[in-house]
Amino acid sequence: MHTLRQISALMRLSLFDLYRRKDLVVVALLAVVLLVPLSFATPFGVKGASRYLNEIALLLVWIFVLVISMTRTARIIPTEVESRTIYPLLAKPASRTVILFGRYAGVLLASLSVLFLFYFLYALINNLKSAFFPWEVFLQAFFLHAGFIILVTSLALLGSLYFNPDANLSVMGILVVSMFLYGQQLPALAAEHALPIRTLIHTFYWLAPHCELFDMRTRLIHHWPAVPWSVCCMAFLYALIYAALCFWAAAGLFNRKKI
Amino acid sequence: MSAVITIDHVSKAYGTCQAVSDLTLSLNSGEILGFLGANGAGKTTTIKMLLGFFAPDNGQIAVYGQNPSDAATRQRVGYMPETAYYYPYLNIHELLSFYGGLCGMSADLIHQRSEELIARTGLEHAGKRLLKTYSKGMLQRAGIAQALLHDPDLLILDEPFTGLDPLARIQLRDLILDLKTKGKTILFSSHELSEAELMCDRVAIMKAGKLVLDKPVKEVVCDNNTNLERIFLNVLQSS
């Protein structure tokens, strides 16, 4: 009960931060700007071409949600230290692990609420626009996107205890985008090399976050069939385990950090 | 009287700079200790070790006989930092609600204690204003309120009089003396020697990381037939 109250207080702080700094207004405006015009437009009067604009809109949603969630997570602890709010915080009877978890969970909840806002608007617009909307694929896309956010924010949290915020965002951003684009090609690349390098590539393949597992945009845009829910759950479980390991490492670092 | 704080041969260095050197000091229950010294004397470093922010390089620190880095130990400790940095996007009610939650207090208790402390620190008129609009003195008062919120037995106040106007200073002095009558133990670091002389049972003076004087105030002042300010200057110049 005591720990739950502490976590709840820390999570509320992140939501206050999001609300009071007018970030939600910016996100809402961004969602409208990205989704509304693109989804209603019919380029060159060609029927079906709007799907490609939808694809661009979803790509932009992915990029913005990634940027928002990673920047917020990467700055949790550095901002507390820079603004010195960390001192009264650490003086309270809460362990450092609870403080880190509560603040992280709050930022994660804020990021997921931003994601929900984008997907809600996307569903609303597409429902208004066409008679058919692939609800099952849409729910799977949202579910996996949430898993992706959990994965990348945990990486950003871990990085924030090693690097300064700018270096952290650069390193983690490059890692996430690289894995998105080239993650699936790593085994083939490993096969082309001799032993020491092959082992290195394989090790990286197994350690790096497999962001490509969470992308359902193509299925959603082109109305392809849904994947089995068991596969989605496995991918989500992978994200949870990866995030738990990153949090465990981050808590270890935070507990040893000299403030 | 039982020892609330025990500092035993503690040293702490930041790289090549020796911030605290072989410090031995204790604070008994119900006492007010004025922790004095020039800037860079090692007061804040000692306070940070007392709060478990980091461990000493050598020696032992115990608060109520426990390791200060244990969260449970801090349940009995209230801390007001040197400079009042709080979340600028919260108002005082939200700030106290947040810190109350961190202390594991129930919503009802937080509400009751918040109202009491906001009134006591004279912040009722600014209850709905965000902290970013507060003056330095108001932030200090918010800091006092958050330190007292969970009714701690030990209060550690780092430069509590900084930025307070004369009236607020008198109110804070009265508040500290009132807490003493309720049996609270108080350690405060300060450059305000007149306040220390008025309030403290004992003063400890630090110089360049070392403890150069640790005596009851009455003894220090009566023995030398002068005021604390003069003693402070003499001690710093002679040692």
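Residues numbered from 1 in each chain as written. Chains lettered and ligands numbered in written order. Predicted model: local features only at pLDDT ≥ 70, side-chain atom pairs only at ≥ 80, totals over all residues. Heavy atoms only, no water.

Some points on the overall build of chain B
Step number 1: Across its full length, chain B holds eight helices and nine strands.
Step number 2: Here the C-alpha coordinates of chain B stretch approximately 50 × 35 × 35 Å along the principal axes.
Step number 3: In chain B, buried positions account for 56% of the 239 residues.
Step number 4: For chain B, restricting intrachain contacts to residue pairs at least 6 apart in sequence, the fraction spanning at least 24 positions comes to 68%. (Helix = DSSP H or I, 4+ residues; strand = E, 2+ residues; numbered from the N terminus. Buried < 20%, exposed > 50% of the residue type's maximum accessible area, 1.4 Å probe, protein only. Contact = heavy atoms within 4.5 Å.)

A closer look at the pairing of strand β8 (residues 202–207) of chain B
Residues and elements named next belong to chain B.
Step number 1: With five of six residues buried, β8 lies mostly within the body of the structure.
Step number 2: Inspection of the sheet shows strand β3 (residues 32–37) paired to β8 by five bridges, in the parallel sense. For Gly37, the partnering residue across the bridge sits in β8 and is Met206.
Step number 3: Here β8 pairs with strand β9 (residues 210–216) via six bridges, running antiparallel. Looking across to β9, one finds that Ile205 is bridged to Leu213. (Pairing = 2+ DSSP bridges.)

Concerning the environment of Glu115 of chain B
All names here are of chain B.
Step number 1: Residue position: Glu115 is located in helix α3 (residues 107–120).
Step number 2: Its relative accessible area of 38% is what places Glu115 among the partly exposed residues.
Step number 3: Separated by 22 residues in the primary sequence, Glu115 and His93 have C-alpha atoms spaced 8.2 Å apart.

Notes on the packing of helix α6 (residues 96–129) of chain A against helix α7 (residues 135–160) of chain A
Residues and elements named next belong to chain A.
Step number 1: α7 packs onto α6 with a crossing angle of 150 degrees between their chain directions and a minimal axis gap of 10 Å. By the angle class used here, α6 and α7 are roughly antiparallel. Handedness of the crossing formed by α6 with α7: right-handed. Contacts between α6 and α7 involve Leu100, Tyr104, Leu108, Ser111, Leu112, Leu115, Phe116, Tyr119, Tyr122, Ala123 and Asn127 on the former and, on the latter, Trp135, Phe138, Ala141, Phe142, His145, Ala146, Ile149, Ile150, Thr153, Ser154 and Leu157.
Step number 2: When its residues are assigned to classes, the contact of α6 with α7 shows 17 nonpolar, five polar and no charged. (Axes fitted to C-alpha atoms, helices over the stretch in contact; angles between N-to-C directions. Parallel < 35°, antiparallel > 145°, perpendicular 65-115°, else oblique. Left-handed = near helix turned anticlockwise from the far one by under 90°. Nonpolar A, V, L, I, M, F, W, Y, C, P; charged D, E, K, R; others polar.)

A short note on the sheet that holds strand β1 (residues 3–14) of chain B
Note on sheets: strands pair through backbone hydrogen bonds, and any given pair is parallel or antiparallel.
Residue and element names in this part refer to chain B.
Step number 1: Strand order across the open sheet formed by three strands is β2-β1-β4, with antiparallel pairing between neighbours. Bordering the open sheet on either side are β2 (17–28) and β4 (58–63), each of which pairs with just one other strand. Direction aside, the axes of adjacent strands within the sheet are offset by 20 degrees on average.
Step number 2: As paired elements, β1 and β2 share eight bridges and run antiparallel to each other. Bridge pairing in β2 links Thr6 to Ser26.
Step number 3: Contacts from helix α1 (residues 43–50) reach β1, β2 and β4, with the element oriented near 120 degrees to β1.

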